[in-house]
Amino acid sequence: MNKVVSNADEAIKDIADNMTIMLGGFGLCGIPENCINALVRKGVRGLTCISNNAGVDEFGIGLMLKTRQLKKMIASYVGENAEFERQLLSGELEVELIPQGTLATRVLAAGYGMPVIFTPAGVGTEVAIGKEQRNFNGKEYLMEYAFDSDFALVKAWKGDTHGNLIFRETARNFNPMMAMAGRTTIAEVEILVEAGELDPDQIHTPGIFVHRIFLGRNYEKRIEQRTVRKKV
Amino acid sequence: MLDKTGIAKRIAKEIRDGYYVNLGIGIPTLVANYIPRGMKVVLQSENGLLGMGPFPFEGEEDPDLINAGKQTITTVPGSAFFDSAMSFGMIRARKVDLTILGAMEVSETGDIANWKIPGKMVKGMGGAMDLVASAKLIIVAMQHVNKAGESKLLPKCELPLTGVRCVRKIVTELAVIDVTHQGFKLIERAPGVSTEQIINATAGKLIVHGEIPEMIID
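Residues numbered from 1 in each chain as written. Chains lettered and ligands numbered in written order. Predicted model: local features only at pLDDT ≥ 70, side-chain atom pairs only at ≥ 80, totals over all residues. Heavy atoms only, no water.

### Concerning the sheet that holds strand β12 (residues 183-189) of chain B
Residues and elements named next belong to chain B.
Okay, step 1: Read from one edge of the open sheet, 10 strands run β4-β3-β2-β1-β5-β8-β10-β11-β12-β13, paired in mixed fashion. Looking at the sheet topology across the chains shown, the edges are occupied by β4 (74-81) and β13 (206-207).
Okay, step 2: Bridge analysis of strand β1 (residues 20-23) against strand β2 (residues 42-45) gives three bridges, and the strand direction is parallel. Bridging from a neighbouring strand, V21 pairs with L43 of β2.
Okay, step 3: Sheet strands touched by helix α1 (residues 4-12): β5 (98-101), β8 (138-141), β10 (169-171), β11 (175-180) and β12. Its angle to β8, the strand with the most contacts, is close to 165°. (Pairing = 2+ DSSP bridges. Helix = DSSP H or I, 4+ residues; strand = E, 2+ residues; numbered from the N terminus. Contact = heavy atoms within 4.5 Å. Axes fitted to C-alpha atoms, helices over the stretch in contact; angles between N-to-C directions.)

What follows is the structure in structure tokens.
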């Protein structure tokens, strides 16, 4: 078993033009910074990205928007990115906005080997257009498909050489489900240890789901909304 | 007339001991400051936290710890972290007792629009569609009229919908209004606001039964 790679460039070396990739993170919290930077360096184009958000203009997925590497974005909320809005309104970028819970659960279904989910989110709205709808116990549900993605890029706090992962605080968000859902999953971690050093009881994502793992470097961990209170 | 704080204070009176509550961005966030004394309430942040606390002290911000509005926050004792699928599992399975959110429009049948203005704003629905599709109790905090002076309480929403027949109560700067099977029903007036003012500011069908009490806010 040899899952450890030396850096992000090596980890993403076979991500090619026109592939579909999932990226963990909520806002800028828990995003795979190293992998995104490596994708910008590699210059792959025509990507379809599945991620809750699209980063900001100068960070996260926003960096790949600036270089026009994305063909399509599937997200629930894209409010903090002016370049995104520009590309969307000009028709350069294809965008599918879907409810956040639907996004999370379509990823979950992929990771659990299930083809569809039924969710009430979006019933009676434009999200329901063209979708199969069914009534269970008197309530309407939309049928939504599991996501198929070539790669999942996730960020964990700690990981071991077997690919076992532990996330930290709200940086967990979409990462555990995406780790399960990718046909190939790449994990970048802040702390990488030998297999056996993590407490098996504390592992969030078992290593079976992770194909490549590397120690991330120079994490910026930008804060989108720095809100504080004064000490009294 | 109520200011934003007043709306938050009035909504806080709807909270009951032991509630799990999801607060949306804007006025709903302020409700956390006015939870009645002695009540234990757990705030859910749909990005993966139960037990959201106040903003951190300056210098103690943690980039791994944010709320659904991407603001730096803290936890309170007894809090728990989880992933996004589990978060929407607890929402969909109706474990969250109360959802408070903002709106651009609400219809007299309880439809809500708050995520899109065609041709103008394309930010996305985030978790709002999931929340309104499954919440046990939804209270909307919003202004009664928009910046152009038009009512936001309508017979039918004009903007793209977030959810249908889901809003139960609306608190605005003018009034507390319930959404009933017969339409909007005026429950309370804001201090200094007349029933006529509220009728004039409400485009949808508004039921007014007898004397409408003025709301009491501490």
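Don't stop here, the text continues.
### Let's talk about the sheet that holds strand β5 (residues 116-119) of chain A
Residues and elements named next belong to chain A.
Okay, step 1: A sheet is described by the order of its strands in space; here three strands give the open sequence β5-β7-β6, paired in antiparallel fashion. The open sheet has two edge strands with one neighbour each: β5 and β6 (133-136). Averaged over all pairs of adjacent strands, the angle between strand axes in this sheet comes to 35°, irrespective of strand direction.
Okay, step 2: In this sheet, strand β7 (residues 139-145) lies alongside β5 in antiparallel orientation, the contact comprising four bridges.

### Some remarks on the layout of surface pockets
Okay, step 1: Counted as a void, the second largest pocket has a volume near 630 Å³.
Okay, step 2: Taken together, 26 residues make up the lining of the second largest pocket; nearest its centre are K139 of chain A together with V132, V164, R165 and C166 of chain B.
Okay, step 3: Among the secondary structure elements, those contributing two or more residues to the lining of the second largest pocket are β7 of chain A together with α4 (128-134) and β11 of chain B.
Okay, step 4: Element by element, the count of residues in the lining of the second largest pocket is highest for α4 of chain B, at four residues.
Okay, step 5: For the lining of the second largest pocket, a count of residues per class yields 11 nonpolar, nine polar and six charged. (1 Å grid on protein atoms, 1.4 Å probe; cavity = no way out; pocket = protein on both sides within 12 Å on 5 of 7 lines; lining within 4 Å. Points joined across faces, edges and corners; volume = space filled by probe spheres on them. Nonpolar A, V, L, I, M, F, W, Y, C, P; charged D, E, K, R; others polar.)

### Concerning the pattern of salt bridges
Okay, step 1: If you walk through the whole model with that rule in mind, you get 27 salt bridges over all chains.
Okay, step 2: Measuring nitrogen to oxygen at the nearest pair gives 3.1 Å for the salt bridge that ties K66 of chain A to E58 of chain A.
Okay, step 3: On the basis of relative accessibility, which here comes to 49%, the residue K66 of chain A falls in the partly exposed class.
Okay, step 4: On the accessibility criterion, E58 of chain A (45% relative accessible area) is partly exposed.
Okay, step 5: The salt bridge partner of K136 of chain B is D97 of chain B, with a shortest N-O separation of 3.0 Å. Linking K136 of chain B in the loop between α4 and β8 with D97 of chain B in the loop between α3 (84-92) and β5, this pair joins segments that are 39 residues apart in sequence. (Salt bridge = Lys/Arg side-chain N within 4 Å of Asp/Glu carboxyl O. Buried < 20%, exposed > 50% of the residue type's maximum accessible area, 1.4 Å probe, protein only.)

### Digging into the interface of chain B and chain A
Okay, step 1: Contacts between the two partners involve 49 residues from chain B and, on the opposite side, 50 residues from chain A.
Okay, step 2: For the pairing of chain B and chain A, the buried interface totals around 4300 Å² over both sides, and the portion due to carbon and sulfur atoms is 58%.
Okay, step 3: Summed over the three residues of chain B that lose the most area to chain A, namely D64, K70 and K123 of chain B, the buried surface amounts to 18% of that side.
Okay, step 4: The tally of links from chain B across to chain A stands at seven salt bridges.
Okay, step 5: For R168 of chain A, the salt bridge identified is with D62 of chain B, shortest N-O distance 3.0 Å.
Okay, step 6: There are 28 residue pairs in polar contact (both at pLDDT 80 or more) connecting chain B and chain A.
Okay, step 7: Looking at the side of chain B that touches chain A, the elements that each hand over two or more residues are α3 and α4 of chain B.
Okay, step 8: Residues of the side of chain B that touches chain A, tallied by class, amount to 22 nonpolar, 13 polar and 14 charged. (Buried area = accessible area lost by both parts, 1.4 Å probe. Polar contact = N/O pair within 3.5 Å; in protein donor to acceptor, adjacent residues only side chain to side chain.)

### Re the packing of aromatic side chains
All names here are of chain A.
Okay, step 1: This model, assessed by the stated rule, comprises two aromatic pairs over all chains.
Okay, step 2: Between the aromatic rings of F118 and F136, the centroid separation amounts to 5.1 Å while the plane-to-plane angle is 75°, which identifies the pairing as edge-to-face. Highlighted residues: F118 in strand β5 and F136 in strand β6, separated in sequence by 18 residues.
Okay, step 3: F118 gets classed as partly exposed once you look at its relative accessible area, which sits at 26%.
Okay, step 4: On the basis of relative accessible area, F136 is assigned to the partly exposed category, the value being 30%.
Okay, step 5: Between F136 and Y141, the ring centres sit 5.7 Å apart and the planes meet at 65°, which makes this aromatic pair edge-to-face.
Okay, step 6: Of the aromatic side chains, those joined through ring pairs into one cluster are F118, F136 and Y141. (Phe/Tyr/Trp six-rings, centres within 6.5 Å; stacked < 30°, edge-to-face > 60°.)

### Some thoughts on the pairing of β7 of chain A
Residues and elements named next belong to chain A.
Okay, step 1: The pairing of β6 with β7 spans four bridges and is antiparallel. Within the sheet, the bridge partner assigned to Q133 lies in β7 and is L142.
Okay, step 2: In this antiparallel pair of consecutive strands, β6 and β7, the connection spans two residues, and N137 shows a positive phi of 50°.

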